[in-house]
Protein chains: 2
Amino acid sequence: MIAVLRWGHRIPRDSRITTHVALTARAFGADAIYVDAEDRALEETVNSVKDRFGGNFEIRTGINWKKLIREWKGIRVHLTMYGEHIDNALPEIPKENVLIIVGAEKVPKEFYELADFNVALGNQPHSEVAALAVFLDRLLDGKGLGREFHGGAVRIIPNPRGKTVEELE
Amino acid sequence: MIAVLRWGHRIPRDSRITTHVALTARAFGADAIYVDAEDRALEETVNSVKDRFGGNFEIRTGINWKKLIREWKGIRVHLTMYGEHIDNALPEIPKENVLIIVGAEKVPKEFYELADFNVALGNQPHSEVAALAVFLDRLLDGKGLGREFHGGAVRIIPNPRGKTVEELE
């Protein structure tokens, strides 16, 4: 089980970025995303992608994040530009039951204490979407992107020169 | 030289996502970003990050994208969910003088023809920020994130339990 906690989600300011975070979590091998603020529109967007493209990805919004972090049975990894460089941190991180915490610009200080690992995808400012994508890609040894998504309405067939979309229903 | 072309930038709709694209390009090892629409605010945001955190990253907006793509002396890689899977495409892609094209939701058909490679970071919908980050990380064998940024006002020292910011000026 690999899950993502998106903390600090504000509507409508973060709607688009959090959608990117959620779809990135799904596409790169996470099983679920939990979002602190309740956001039915976000749930609908993500669930409609799941209906169309398949797989078992779960989204829940309106989450008690403190309870989730405290009661998580596994490893908690907080992605932050201030943390330990991924190159040094990754070998220490178990690959099962990982909760990946992705915050907004300023997170509470207690995140740094509650997390088992504070990990930086380089110590430069960039994007929580980028951080999550590369963390998942490296955590899963590049295999997250190779996962099959079953049960969708369509499937995209890789094409070096155009678009091939197979209708399954 | 590794550069990114951001196509289809609309103000203000894409301001935040394109900022993430630009900062991701910088942090993960690209040398420059070119944006089709003119956007002085975006230039200022990216240049202020460069002033504060260092390095030689270049941003130019208001670019004639057709001319740029046609006259690029090197390889043109278009990132798209419809393309060839990265696992198959990457071994064929040279690692020097690469122009990475990152589009908005719908790109002109000619992109698929103008590009030397149409590459998918998995054939699922997610995010151009995620696609760019993982493409750069894999293209540069994970070394893009290890690059040093000189000449900034501050430097972040990796810290597994908090924030350490060194003032250099």
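From a predicted model like this one, the values you see are computed outputs, not experimental measurements.

Definitions and cut-offs
Residues numbered from 1 in each chain as written. Chains lettered and ligands numbered in written order. Predicted model: local features only at pLDDT ≥ 70, side-chain atom pairs only at ≥ 80, totals over all residues. Core = buried A, V, L, I, M, F, W, Y, C linked by C-beta atoms within 7 Å. Buried ≥ 20, exposed ≤ 12 C-beta atoms within 10 Å, placed from the backbone. Contact = placed C-beta atoms within 7 Å. Least-squares fit on C-alpha atoms with pLDDT ≥ 70 in both. Pairing = 2+ DSSP bridges. Helix = DSSP H or I, 4+ residues; strand = E, 2+ residues; numbered from the N terminus. Axes fitted to C-alpha atoms, helices over the stretch in contact; angles between N-to-C directions. Nonpolar A, V, L, I, M, F, W, Y, C, P; charged D, E, K, R; others polar.

A.B. asks: If you had to explain the nonpolar core to someone new, which residues and values would you point to?
C.D. replies: One finds Leu132(A), Phe135(A), Leu132(B) and Phe135(B) to be the most contacted residues of the largest nonpolar core, which totals 95 residues. Once residues within four sequence positions are removed from consideration, Phe135(A) is found in contact with Leu79(A), Ile86(A), Ile100(A), Val119(A) and Leu121(A).

A.B. asks: How would you explain the relation of the copies chain B and chain A if you had to name every residue and give the values?
C.D. replies: The transformation that overlays chain B on chain A combines an axial shift of 0.0 Å with a rotation of 180°, and the residual RMSD is 0.0 Å. What we have between these two chains is a two-fold relation. Using C-alpha coordinates, one finds that chain B approaches the rotation axis most closely at Ala130(B), a distance of 2.4 Å.

A.B. asks: Can you explain the sheet that holds strand 6 (residues 117-120) of chain A? Please cite residues and give values.
C.D. replies: All names here are of chain A. With respect to topology, 6 strands assemble into an open sheet ordered 3-2-1-5-4-6, the strand pairing being parallel. Since the sheet does not close on itself, it has two edges, and those belong to strand 3 (58-61) and strand 6, each with one partner. The mean angle between the axes of side-by-side strands here comes to 25°, regardless of whether they run parallel or antiparallel. Where strand 1 (residues 2-6) and strand 5 (residues 98-102) come together, 5 bridges link them in parallel fashion. By the bridge assignment for strand 5, Arg6 is matched with Val102. Across the sheet, helix 2 (residues 40-53) touches strand 2 (32-35) and strand 3, and the angle it forms with strand 3 is around 175°. Across the sheet, helix 6 (residues 128-139) touches strand 1, strand 4 (75-85), strand 5 and strand 6, and the angle it forms with strand 5 is around 160°.

A.B. asks: Go over the environment of Leu145(B), please, and point to the residues and values.
C.D. replies: The topology assignment puts Leu145(B) in the loop between helix 6 (128-139) and strand 7 (154-156). Its 23 C-beta neighbours within 10 Å are what place Leu145(B) among the buried residues. Separated by 118 residues in the primary sequence, Leu145(B) and Ala27(B) have C-alpha atoms spaced 6.6 Å apart. Not counting chain neighbours up to four residues away, the residues in contact with Leu145(B) comprise Ile86(A), Leu121(A), Gly122(A), Phe28(B) and Asp137(B).

A.B. asks: Run through the interface of chain B and chain A, naming residues and quoting values.
C.D. replies: With 41 residues of chain B at the contact, the number on the chain A side is 41 residues. For the side of chain B that touches chain A, the elements supplying multiple residues, two or more each, are helix 1 (15-27), helix 2 (40-53), strand 4 (75-85), helix 4 (86-89), strand 6 (117-120) and helix 6 of chain B. Of the residues forming the side of chain B that touches chain A, the biggest block, 6 residues, is contributed by helix 1 of chain B. Taken together, the residues that form the side of chain B that touches chain A break down as 22 nonpolar, 13 polar and 6 charged.

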